[in-house]
Amino acid sequence: MYKEFIRKDLLDNGYGVYRKILEMYREQMAFLETPARFRRWLAGELDVPLEKINLSSLNSALQQQRKKDKEKIQSRSITAHAQVEPVNNKAEAFPFSKPSSTDKKQPRINEL
């Protein structure tokens, strides 16, 4: 059912068809690794001429998906890292000098 829908949408050059292809065949695309190999496999799977599958659109959809996956992994690691290490709210005691201070100021340059 989905296969025929995607085939028709691909032949009609429908909007968002490559995103739909990527959602349906995610595992196969990860297995084949490159868009060119996946394109050849997809042409056989959907019984579509190879020329009807735009390689640059397929590659673009793959790059967008990899970027989304990478952002998900990074956000998970950031939240996991934040949960493991508690926030240190300890205020550091640093003695600032005040204008009314009677401390003798040390010169920075020593005369030769």
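What you see is a predicted model; the values in this text were computed from it and never measured. (Residues numbered from 1 in each chain as written. Predicted model: local features only at pLDDT ≥ 70, side-chain atom pairs only at ≥ 80, totals over all residues. Heavy atoms only, no water.)

Novice: Teacher, can you tell me more about the nonpolar core here?
Specialist: As a rule of thumb, nonpolar side chains are buried together in soluble globular proteins. One finds Leu10, Tyr18, Ile21, Phe38 and Ile53 to be the most contacted residues of the largest nonpolar core, which totals 18 residues. Of all the secondary-structure elements, those providing two or more residues to this core are helix H1 (2-11), helix H2 (17-24), helix H3 (26-32), helix H4 (35-46) and helix H5 (55-84). (Core = buried A, V, L, I, M, F, W, Y, C linked by side-chain atoms within 4.5 Å. Buried < 20%, exposed > 50% of the residue type's maximum accessible area, 1.4 Å probe, protein only. Helix = DSSP H or I, 4+ residues; strand = E, 2+ residues; numbered from the N terminus.)

Novice: Help me out: how do you make sense of the pattern of salt bridges in this one?
Specialist: Note on pairing: side chains with opposite charge can pair once their charged atoms come close. Taken as a whole and assessed by the stated rule, the structure comprises 7 salt bridges. Between Lys8 and Asp12 there is a salt bridge, with the nearest N and O atoms lying 3.0 Å from each other. Between Arg37 and Glu33 there is a salt bridge, and its shortest N-O distance comes to 3.9 Å. Judged by its relative accessible area of 41%, Arg37 falls in the partly exposed class. (Salt bridge = Lys/Arg side-chain N within 4 Å of Asp/Glu carboxyl O.)

Novice: Before we go on, may I ask you to explain the packing of aromatic side chains in this structure?
Specialist: Two measures describe an aromatic ring pair: the distance that separates the ring centres and the angle between the ring planes. What the rule picks out here adds up to 2 aromatic pairs. Seen in terms of ring centroids, Tyr25 and Trp41 are 5.3 Å apart; in terms of plane orientation they differ by 75°. Their pairing is edge-to-face. In this pair, Tyr25 sits in the loop between H2 and H3 while Trp41 sits in helix H4, placing the two residues 16 residues apart along the sequence. Using a relative accessible area of 25% as the deciding quantity, one classes Trp41 as partly exposed. (Phe/Tyr/Trp six-rings, centres within 6.5 Å; stacked < 30°, edge-to-face > 60°.)

Novice: It is not clear to me how H1 should be interpreted in this structure. Could you clarify?
Specialist: Since the α-helix turns once every 3.6 residues, residues separated by three or four places project in the same direction. Among the residues making up H1, those that are buried are Ile6, Asp9 and Leu10. Buried positions in H1, seen along its axis, are confined to an arc of 100° and lie on one side of it. In this structure, H1 carries Glu4 and Lys8 as exposed residues pointing more than 90 degrees from its buried face. Buried residues in H1 make contact with H2 and H4. (Arc of directions from axis to C-beta. Contact = heavy atoms within 4.5 Å.)

Novice: What should I look at first to understand the packing of H1 against H2 in this one?
Specialist: The relative placement of two packed helices comes down to the angle between their axes together with the axis-to-axis distance. Their axes nearest at 10 Å, the elements H1 and H2 cross at an angle of 155°. In terms of orientation, H1 lies roughly antiparallel with respect to H2. Like other packed secondary-structure pairs, H1 and H2 cross with a definite hand, here left-handed. When H1 is examined against H2, the residues Tyr2, Phe5, Ile6, Asp9 and Leu10 are found in contact with a partner set consisting of Val17, Tyr18, Lys20, Ile21 and Met24. Here the contact of H1 with H2 is built from residues that sort into 8 nonpolar, no polar and 2 charged. (Axes fitted to C-alpha atoms, helices over the stretch in contact; angles between N-to-C directions. Parallel < 35°, antiparallel > 145°, perpendicular 65-115°, else oblique. Left-handed = near helix turned anticlockwise from the far one by under 90°. Nonpolar A, V, L, I, M, F, W, Y, C, P; charged D, E, K, R; others polar.)

Novice: For this particular structure, what's the right way to read H4?
Specialist: Here H4 is 12 residues long and its end C-alpha atoms lie 16 Å apart, about the 16 Å a rise of 1.5 Å per residue gives. If you check which residues of H4 are buried, you get Pro35, Phe38, Arg39, Leu42, Ala43 and Leu46. All buried residues of H4 project into a common sector of 140° when viewed along the axis, lining one side. Away from its buried face, by an angle of more than 90 degrees, H4 presents the exposed residues Arg40 and Gly44. (Expected span 1.5 Å × (residues − 1).)

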